[in-house]
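Read off the chains here:
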Amino acid sequence: MKREKETNTSENSEQEAEKEEEPIKKTQGELIQEALGLDQATIGRIEKQLFVAKFIDSISEDIFDYIYRDRILAKYMDMLKKNMGELDETTAAFMQETFEQKQIEPTISDLKSKAEEVAQENDINRSLNSKLKRNGMIGMLPLCILVILIYVVPPDFTFYLMIPLCFLCFLPQFLRSRIVQKWNDFKEENKKIFYQENREKIILLKEFVQITLDNIHNILLDKKIPLELIKFSLSSSDYKNLKLINEQVLRGGITQYFFTFEYPPGVEPFPIPEIIKKKYMEPVVSQKKTTEDNFLILKNIKVSNGEIEKFEVELKEDLKDDINTLLNSCKFEKTKDFSLIMPNYTPETAIHCICGEIAEFSNVQKCSWIETESEEKFEFYLFESEKCKCGEKVFVLSLMEEDVKIPDKWKSIFS
């Protein structure tokens, strides 16, 4: 027994040594907080104000994305007010007072109403997401009927159904492309004129964004946080005290700008701790590992009509072996487009790669796991991102509904 105990102790020591050698991945906020000795409240204030700035900026730059989406816009406004209310007492009072003085909420409502009038003049009476969902169902209906007919008609006639079946397989994607193109053309034709006619109201929104960014800038300078560490994206480049580090043209011709804050004249850059230089600031170097290491889990999801409206993201570095085991025992089935599952995927609510860039998803699989003995079935989504600029992909697991029963074996992954 003693020898067995010594052997087990030795094995445990080796396992602990291996674990110590493995690098622990941490988010940008965690690295900054630990390296600079900041309290969580400071990081929280920065993140909450960045959300406010990015949301208002997105509206000022493209209000058309919010037309006919009253419920979504109301949800974001509630989140904005909640974030402002959760700042420290002085900042919260100042932000809320400025928000009311500049009449930000009535201005947004007015801009949305005017944008909907422009849309109606162009025979657009519903949002892009609503159109995609409706036409996706219309496109799938004849396909489903034809598939049923294949099983009903005699085998000799099945061949004659294959040609229309092939055509109908491409119909949903064809309809989707036409709708998106028409929507992009509409925005391109009307965006500049709309901005000119409503310039004063849009400038009000941008002024509020500038005030919010200046608040964040002051926090960083006061806490002596190296400004290079705070990277964020905006929909426009109209603001002061920012340093443009990159820009990217997204689908639909939308340009996304990536910034850090600039140091004021005469202020020397704050020193960056070595641990952050090694793990965060240096260029990403290719390492010998599989891309299946980068697993994210969507937690506390809110689902409405099959759409994931709200979620929290968690990196499951310590459970990657369990996740790989789960996936290896699943059956995979191609499912509906990511845009239909998460139609509200915007830069403000985006999932990020481990390097901090916004992840774009094109491959969605429905995973089915079945317990052999009890035949218990468990289904969930697997989102695979496109390859990021850093060379990595991220794989995101998400429940399909809020109250799905999770098998005990996999509760640690999704909880």
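Higher on the page you've got the structure.
Just so it is clear, the model here is predicted, and its values are computed rather than measured. (Residues numbered from 1 in each chain as written. Predicted model: local features only at pLDDT ≥ 70, side-chain atom pairs only at ≥ 80, totals over all residues. Heavy atoms only, no water.)

K.L.:
Outline the sheet that holds strand E8 (residues 377-385), listing residues and values.
P.N.:
With mixed pairing, six strands are arranged side by side in an open sheet as E5-E4-E9-E8-E7-E6. Of all strands in the sheet, those bounded by a partner on one side alone are strand E5 (307-315) and strand E6 (331-334). Going from strand to strand, the sheet's axes swing by 30° on average, the running direction of each strand aside. Relative to strand E9 (residues 395-399), E8 runs antiparallel, the two being bridged by five bridges. (Pairing = 2+ DSSP bridges. Helix = DSSP H or I, 4+ residues; strand = E, 2+ residues; numbered from the N terminus. Axes fitted to C-alpha atoms, helices over the stretch in contact; angles between N-to-C directions.)

K.L.:
So what's going on with the pairing of strand E3 (residues 255-261)? Which residues, and what values?
P.N.:
If a strand is regular, its side chains alternate between the two faces of the sheet. The buried count for E3 comes to six of seven residues, which makes it a mostly enclosed element. Bridge analysis of strand E1 (residues 232-234) against E3 gives three bridges, and the strand direction is antiparallel. Bridge assignment links serine 233 to a residue of E3, and that residue is phenylalanine 258. (Buried < 20%, exposed > 50% of the residue type's maximum accessible area, 1.4 Å probe, protein only.)

K.L.:
Break down the side chain of glutamate 307 for me, citing the residues and quoting the values.
P.N.:
Looking at the element boundaries, glutamate 307 is found in strand E5. Taking relative accessible area as the criterion, glutamate 307 reaches 8% and is therefore assigned buried. Other than its neighbours up to four places away in sequence, glutamate 307 contacts Lys133, Lys302, Leu340, Ile341 and Pro343. (Contact = heavy atoms within 4.5 Å.)

K.L.:
I'd love a proper account of the nonpolar core, names of residues and values included.
P.N.:
By size, the foremost hydrophobic cluster in this structure holds 57 residues, and its most contacted members are Phe55, Ile56, Leu213, Phe232 and Phe261. The greatest single-element share of this core, amounting to nine residues, is contributed by helix H3 (residues 40-61). Leave out the neighbours within four places in its chain, and leucine 213 touches Ala53, Phe232, Leu234, Tyr239, Leu242 and Phe261. Within the second largest apolar cluster, 39 residues are counted, among which are Leu327, Ala359, Phe395 and Trp410. (Core = buried A, V, L, I, M, F, W, Y, C linked by side-chain atoms within 4.5 Å.)

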